[in-house]
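For reference, the chains in residue letters:
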Amino acid sequence: MSDSELGRFLRTRRESVTPADVGLPAGSRRRTPGLRRSELAMLAGISVEYLARLEQGRDRHPSPQILAALADALRLSVEARGELMHAFKVTNGSIKLCLGSTRPPDREVRPTLRALLDQLDPAPAVLLNRLGEVVARTGGYERLFGPVGLLDAPVPSLPRFLFADPRARAAFPQWERAADEQIARVRTDSLPDDPHLVSLVEELTLVAGPEFTERWEQPLRAPEHTGVHRLTHPGAGELRLADETLELPDGQGFRLVVHLPADGATAAALDALAGRRPGALRAVAG
């Protein structure tokens, strides 16, 4: 029997997946309708002995790539991959370590910053911490990004939305550019050995696989501070937004991003979303 949370998870999932689910012949004289250990090991590209060590709790530190290969082999959903990551963290003790290793990314916003956001409303503006989590936003930002699903999570996160939520590709027609930009931003704003960053990287490696890892392994580049981006809104259609990013020298690692209309059609659409008269918001770029 397994003596680790990860081992229990892997064994339970293996026994619940049939050969037909993963394109293997059922064969005869099977003791269980689930996968044999050798079959899962073959699909994941690891040895049977190593899989046995994981299931039995004798190895508690598989790499994110191994976890991703097992998740792919088991055909895990996004939700199940999150459960796998939780089981991994419980097993290797990283949940406890992260609590006191370094200061966690700030989520507390001082009153003056909230007052600044109030002055910016109804323009779409957001305050992000070093991991790309949404810590405060204007009503205009909620009207713009709430309907696409970005704000559904208890702690909304741009990197998690882009790489783990299938709705992101419909919301961001330039998804490749947005994904590259978020990785550049997170890598620039955090130290490589930050355990909170390491945890995020492990999570997205598991959930998104090569779409994330291939970008993460590229040479570091400077993130953009300005630029025109496209967003597809369920009610307003495709919008062109001129973005300005301001780094706040407050020691908290916050950055302020303001999205302004880049053309007249987008300005009119933002006015309509805010319930304002047409022409109240002017385009700032062509």
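Relevant structure appears above.
All values reported here derive from a predicted model rather than from experimental measurement.

A short note on empty space enclosed by the protein
The full count for this structure, using the stated rule, is four cavities of 30 Å³ or more. Taken as a whole, the largest cavity holds about 400 Å³ of empty space. If you list the elements that add at least two residues to the lining of the largest cavity, you get strand S1 (125-128), helix H8 (139-145), helix H9 (158-164), helix H11 (175-189), strand S3 (226-233), strand S4 (237-247) and strand S5 (255-261). For the lining of the largest cavity, the residue count by class is 11 nonpolar, seven polar and six charged. The calculated volume of the second largest cavity comes to roughly 80 Å³. For the lining of the second largest cavity, the secondary structure elements donating two or more residues are H8 and helix H14 (264-274). With four residues, the top contributor of residues to the lining of the second largest cavity is H14. Broken down by class, the residue content of the lining of the second largest cavity amounts to eight nonpolar, one polar and three charged.

Here's the deal with the packing of helix H1 (residues 5-16) against helix H5 (residues 78-92)
The axes of two packed helices give the description: the angle between them and the distance between them. Taken N-terminus to C-terminus, the directions of H1 and H5 make an angle of 145°; their axes are 7 Å apart at the nearest point. Across from Glu5, Leu6, Phe9, Leu10 and Arg13 in H1, the residues of H5 making contact are Ala80, Glu83, Leu84, Ala87, Phe88, Val90 and Thr91. Here the contact of H1 with H5 is built from residues that sort into eight nonpolar, one polar and three charged.

Quick notes on the pairing of S1
Side chains Ala125 and Leu127 project from S1 onto one buried face, and the interleaved Val126 and Leu128 project onto a second face that is buried too. With four bridges joining them, S1 and S5 adopt antiparallel strand pairing. Across the sheet, residue Leu127 finds its bridge partner in S5, namely Leu256. Looking at chain direction, S1 and strand S2 (residues 134-137) are connected through three bridges and run antiparallel. Across the sheet, the residue bridging to Leu128 is Val134, located in S2. Taking the residues that link successive antiparallel strands as the turn, the S1-S2 hairpin has five residues, and the phi of Gly132 there is positive, at about 80°.

Definitions and limits used
Residues numbered from 1 in each chain as written. Predicted model: local features only at pLDDT ≥ 70, side-chain atom pairs only at ≥ 80, totals over all residues. Heavy atoms only, no water. 1 Å grid on protein atoms, 1.4 Å probe; cavity = no way out; pocket = protein on both sides within 12 Å on 5 of 7 lines; lining within 4 Å. Points joined across faces, edges and corners; volume = space filled by probe spheres on them. Helix = DSSP H or I, 4+ residues; strand = E, 2+ residues; numbered from the N terminus. Nonpolar A, V, L, I, M, F, W, Y, C, P; charged D, E, K, R; others polar. Axes fitted to C-alpha atoms, helices over the stretch in contact; angles between N-to-C directions. Contact = heavy atoms within 4.5 Å. Buried < 20%, exposed > 50% of the residue type's maximum accessible area, 1.4 Å probe, protein only. Pairing = 2+ DSSP bridges.

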